[in-house]
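Per-entry structural report
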Amino acid sequence: MFKTSKLLTASFIVMISAAGQASAHAHLTSSVPADKSIVQASPAAVALNFSEELNIRFSGATIAGTDGKRISTGDAKLSDGGKTLTVPLPETLDAGGYVVEWRVLSTDGHKTKGSYGFTVKP
Ligand SMILES: [Cu+2]
């Protein structure tokens, strides 16, 4: 009987801490270029700011034109205490719409992903 209640208490604590971590997932808080923005010139990089520190080994972003054509990118880097993921764009982007798809692992071990778009002005 004692063992059972101890086990229940333990699993309850695990549930509470899991719920606490769930609110600490890495969410995209802002980006450059910003979501739905129109930029005047081809950006040299895409910078994604997250709410949590990321694990660079399992975090990255891909960029493609709205026609689906993948844009080549440089190696992603972290800055701002590991919360900002910067992906260099060595090629000049033509005018048009682009979609950034990101996939990250925060240091709490949780994966999140998402996408957003911006436009390079004709
Ligand atoms: Cu999390």
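All of the points below concern the structure found in this document. If you're wondering where the values come from, they're calculated on a predicted model, not measured in any experiment. (Residues numbered from 1 in each chain as written. Predicted model: local features only at pLDDT ≥ 70, side-chain atom pairs only at ≥ 80, totals over all residues. Heavy atoms only, no water.)

1. So, the sheet that holds strand S9 (residues 111-120)
Picture the strands of a sheet paired through backbone hydrogen bonds; they go either parallel or antiparallel. Filter applied, for reference: At least two DSSP bridges between two strands are needed for those strands to be called paired. Each helix corresponds to a stretch of at least 4 residues labelled H or I by DSSP, and each strand to a stretch of at least 2 residues labelled E; elements are numbered beginning at the N terminus.
The mixed open sheet is built from five strands, whose spatial order is S2-S9-S8-S4-S5. Edge positions in the sheet fall to strand S2 (38-39) and strand S5 (70-71), since each has one partner strand and no second. Here two bridges tie S2 to S9, and the two strands are oriented parallel to one another. In the sheet register, Ile38 faces S9, and the bridge partner there is Thr119.

2. Things to note about unusual backbone geometry
A cis amide bond links Val32 with the next residue in sequence, Pro33, at an omega value of -5 degrees. Its place among the elements puts Pro33 in the loop between strand S1 (28-32) and S2. Here Lys36, not a glycine, exhibits a phi torsion of approximately 65 degrees, which is positive. Tracing the chain through its elements places Lys36 in the loop between S1 and S2. With phi around 55 degrees, Asp80 is a residue other than glycine that occupies positive phi space. Structurally, Asp80 can be placed in the loop between strand S6 (77-79) and strand S7 (84-88).

Honestly, it's all geometry; don't read function into it.
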